[in-house]
Amino acid sequence: MFKLYGFAVSNYYNMVKLALLEKGLPFEEVTFYPAQTPESLAISPRGKVPVLGVDAGYINETAIILEYLEQAQKGTPLLPSDPFERAQVLAIAKEIELYIELPGRACYGEAFFGVTLPEAIKEKTRTELLLGFAALGRHGKFAPYVAGDSLSIADLYFLYSVPLACAVGQKLFGIDLLAEMPQAKALLERLEQNPHVQKIAADKDAAMPAFLAMIAAKK
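Where an unreviewed UniProt entry is consulted, the protein appears under the name Glutathione S-transferase, with the organism given as Pseudomonas triticicola.

Novice: Now, about the pattern of salt bridges: what can you tell me, with residues and values included?
Specialist: Opposite charge on two side chains permits them to pair, given that their charged atoms come into close proximity. For the structure shown, the criterion picks out 11 salt bridges. A salt bridge links Glu101 to Arg105, with the nearest nitrogen and oxygen atoms 2.7 Å apart. Of this pair, Glu101 and Arg105 both sit in helix α4 (residues 83-105), four residues apart, which is roughly one turn of that helix. Taking the relative accessible area as the measure of exposure, Arg105 reaches 35% and is therefore partly exposed. Among the ionic pairs, Lys122 bridges to Glu119, the shortest N-O distance being 2.9 Å.

Novice: Tell me about the pairing of strand β2 (residues 27-31), residues and numbers included.
Specialist: The pairing of strand β1 (residues 2-6) with β2 spans five bridges and is parallel. By the bridge assignment, Leu4 is partnered in β2 with Glu29. Where the polypeptide runs from β1 across helix α1 (residues 11-23) and back to β2, its parallel neighbour, the crossover connection is right-handed.

Novice: Quick rundown of the sheet that holds β1? Include the residues and the values.
Specialist: Read from one edge of the open sheet, four strands run β2-β1-β3-β4, paired in mixed fashion. With one partner strand each, in any of the chains shown, β2 and β4 (57-60) form the two edges of the open sheet. The mean angle between the axes of side-by-side strands here comes to 25 degrees, regardless of whether they run parallel or antiparallel. The sheet strands contacting α1 are β1, β2 and β3 (51-54), and the helix crosses β1 at an angle near 160 degrees.

Novice: Requested: an account of the environment of Ser150, with residues and values cited.
Specialist: Following the sequence through the fold, Ser150 ends up in the loop between α6 (119-139) and α7 (153-173). Residues Ser150 and Cys107, spaced 43 residues apart in sequence, show a C-alpha to C-alpha distance of 32 Å. Ser150 has contacts with Tyr145 and Asp155, leaving out every residue within four places of it along the chain.

Criteria and cut-off values
Residues numbered from 1 in each chain as written. Predicted model: local features only at pLDDT ≥ 70, side-chain atom pairs only at ≥ 80, totals over all residues. Heavy atoms only, no water. Salt bridge = Lys/Arg side-chain N within 4 Å of Asp/Glu carboxyl O. Helix = DSSP H or I, 4+ residues; strand = E, 2+ residues; numbered from the N terminus. Buried < 20%, exposed > 50% of the residue type's maximum accessible area, 1.4 Å probe, protein only. Pairing = 2+ DSSP bridges. Right-handed = clockwise from strand over helix to strand, strands pointing away. Axes fitted to C-alpha atoms, helices over the stretch in contact; angles between N-to-C directions. Contact = heavy atoms within 4.5 Å.

Now the structure itself:
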């Protein structure tokens, strides 16, 4: 059985969790917050989450964990077998991470936790999010899933990155980043009806008080 290290509020953790659930692979969740202690660094070289515990040791970095699950395990595939189509899925996932998730994350502090950020950081995020969503509109197929007619790794990044970035856009800039992408909004609604996605959302809600207490203790 796998061990999934992390915490249920983390969007990257939930990407891997959804992959495991969709593939029907058994796993145990181990609560693990980012830290720089020797114990944490023995599991995660940078003290980050998620980490997948396997018989041979630990695997870190979300993209690498997802690739490992595709290559080494059975279950519902989340990548096409055709090399070109596979590359398209992975490219969209990487574009979402680099051009939507990471710019949005730079402003999570102000959008969600009441931290006041410099205007330069917010303006950079605004510019990059507009460019990132434009790229998603060009590259995504939404037929009905992000990269085609079946759930893929691109949908994991989409589901657990885009709503957070949209919240940043709305809260800080008054922008609906999906205003020109009704098909993307429809996909989010579709994914939210997935029983595994609903379970992950319920687990996140249940874990939120402990997460907020941990954040408060660090202030």
